[in-house]
Amino acid sequence: MPMLTGHTRLAGVIGWPIAHSRSPRLHNHWLARHGIDGAYVPLPVRPEGLPDAVRGLRAAGFAGFNATIPHKEALFALCDRLLEPALRAGAVNTVVFEASGAITGTNTDGAGYLASLRAEGVEPAAGPALLLGAGGAARAIAAALLDAGAPVTVTNRTLERAEALVEALPGLRVLPWGRREEGLADHALVVNTTSLGMSGGRALELSLDRAPAGMAVSDIVYVPRRTALLKAAEARGLRAVEGLGMLLHQAVPGFAAWFGATPEVDRDTYELVASDIPLDEA
Ligand code: ATR
């Protein structure tokens, strides 16, 4: 148990639903490791309750909070100050309440994704990246890859959504969803940002027959940890990067801002969170 005193620093994660979130386990592990008098709690907040929740957390003295589905886009309008990554992503996943009371929002998903690649020895800008999907997660990742200097191609079932992403992030190329397999040949990295491949859900159909040798294949789905896509990549001798790394790395800046210490995503941290998640589809 953490020590909780009258000085405990508080943070948490808002979402609806929130019970599945692994963030409390992660942050409380880091708090214990650093011997910090702090707590990080899951906060079930319905979409319509978001403005009240943000004001309430500030009034209750929270240092800040993370946001997950469905709040990331709506939070954007509730912040007093938005940092560049939030502007690029069009969404906020990390909020800090400043001493002045100002609400500062940023987005650490894209940087977290890049850090998860680098942790596996994959240089994000080594070559062009092929992004599957055009939702909120896709935008944060596409922005980070572009900013790192990688050319990025986006392919999405609904073409209009891919085109909307290009409006937000000029410089992206669009590839029709039906041509995603031939598109592999021209890319050094592929990232699945769709919900396909999640445990109990629909499969991602993507043959890797045309994937070039040395390609890195990454997935942001992390339940199961070894998605069918990652297994197919490994079977071909390609580098496979699990989605869990992004979840862990995106948490670092928030923890540092709220609790004043920069935590490490090391083997123990990885295993602590991984032990709670099935490795393979049952
Ligand atoms: P998030 O904001 O978390 O990324 P989202 O906005 O719901 O979630 O995006 C989900 C992504 O998965 C989208 O790119 C979606 O494609 P559409 O824009 O065509 O909806 C993609 N996706 C979901 N189910 C899919 C399916 N059966 N086939 C192909 N793509 C799918």
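Residues numbered from 1 in each chain as written. Predicted model: local features only at pLDDT ≥ 70, side-chain atom pairs only at ≥ 80, totals over all residues. Heavy atoms only, no water.

Asks: Is there a simple way to think about the pairing of strand S2 (residues 38–44) in this case?
Replies: Two faces, one strand: in a regular strand the side chains alternate between the faces of the sheet. Examined bridge by bridge, strand S1 (residues 9–15) and S2 share seven bridges and lie parallel to one another. Within S2, the residue paired with Gly12 across the bridge is Val41. (Pairing = 2+ DSSP bridges. Helix = DSSP H or I, 4+ residues; strand = E, 2+ residues; numbered from the N terminus.)

Asks: I'm lost on the sheet that holds strand S7 (residues 129–132) in this one. Help?
Replies: Whenever strands of a sheet pair, they do so through backbone hydrogen bonds, lying parallel or antiparallel. Ordered in space as S9-S8-S7-S10-S11-S12, the six strands form an open sheet in which the pairing is parallel. Single-partner strands in this sheet number two, and they are strand S9 (173–174) and strand S12 (239–241). As defined by bridge partners, strand S10 (residues 189–192) adjoins strand S11 (residues 216–219) across four bridges and the pair is classed as parallel. Bridge assignment links Val190 to a residue of S11, and that residue is Val217.

Asks: Sorry, what's going on with the packing of aromatic side chains here?
Replies: The description of two aromatic rings rests on the distance between their centres and on the angle between their planes. All chains considered together, the criterion is met by five aromatic pairs. Between Trp30 and Phe255 the ring centres are 5.6 Å apart and the planes differ by 75 degrees, which places this aromatic pair in the edge-to-face class. Placement of Trp30 in helix H1 (residues 23–34) and of Phe255 in helix H11 (residues 252–259) is noted, with a sequence separation of 225 residues between them. For the pair shown, Trp30 and Phe255 are each scored as buried. Among the aromatic side chains, those forming a connected cluster through ring pairs are Trp30, Tyr40, Phe255, Trp258 and Phe259. Arg180 extends its terminal NZ or CZ atom over the ring of Trp177, reaching a point 4.2 Å from the ring centre. (Phe/Tyr/Trp six-rings, centres within 6.5 Å; stacked < 30°, edge-to-face > 60°. Buried < 20%, exposed > 50% of the residue type's maximum accessible area, 1.4 Å probe, protein only. Lys NZ or Arg CZ within 6 Å of the ring centre and 35° of its normal.)

Asks: It is not clear to me how the site of the ligand should be interpreted in this structure. Could you clarify?
Replies: By nearness alone, 14 residues border the ligand, and Gly136, Asn156, Arg157, Thr158 and Arg161 come closest of all. With respect to the ligand, the side chain of Asn156 contributes an N or O atom lying 2.6 Å from an oxygen atom. For the ligand, whose accessible area on its own is 640 Å², the fraction buried by protein is 73%. Residue composition of the shell around the ligand, grouped by class: four nonpolar, seven polar and three charged. (Near = heavy atom within 4 Å. Polar contact = N/O pair within 3.5 Å; in protein donor to acceptor, adjacent residues only side chain to side chain. Areas by Shrake-Rupley, 256 points an atom, 1.4 Å probe, with all protein chains shown as cover. Nonpolar A, V, L, I, M, F, W, Y, C, P; charged D, E, K, R; others polar.)

Asks: What's the story with the sheet that holds strand S4 (residues 81–82) in this structure? I'm lost.
Replies: Overall, mixed pairing links the six strands, which are arranged S2-S1-S3-S5-S6-S4 in an open sheet. Each edge of the sheet is formed by a strand with only one pairing partner; in this case those strands are S2 and S4. In terms of strand pairing, strand S3 (residues 64–67) meets strand S5 (residues 94–97) through three bridges, oriented antiparallel. Looking at the pairing, Gly64 lines up with Val96 of S5. Those strands touched by H1 are S1, S2 and S3, and its axis lies near 170 degrees from that of S2. Across the sheet, H11 lies against S1, S2, S3 and S5, angled at about 10 degrees from S5, the strand it touches most. (Contact = heavy atoms within 4.5 Å. Axes fitted to C-alpha atoms, helices over the stretch in contact; angles between N-to-C directions.)

Asks: Which parts of the structure should I look at to understand helix H9 (residues 228–235)?
Replies: Side chains that are three or four residues apart share a direction in an α-helix, a result of its 3.6 residues per turn. Burial in H9 covers these residues: Leu229, Leu230 and Ala233. Here the buried residues of H9 occupy an arc of 95 degrees about the axis, which is enough to place them on one side. In H9, the exposed residues that point more than 90 degrees away from the buried face are Ala228 and Ala235. Taken together, the buried residues of H9 touch S10, S11 and S12. Of the residues flanking the end of H9, it is Gly237, one or two places downstream, whose phi is positive at about 80 degrees. (Arc of directions from axis to C-beta.)

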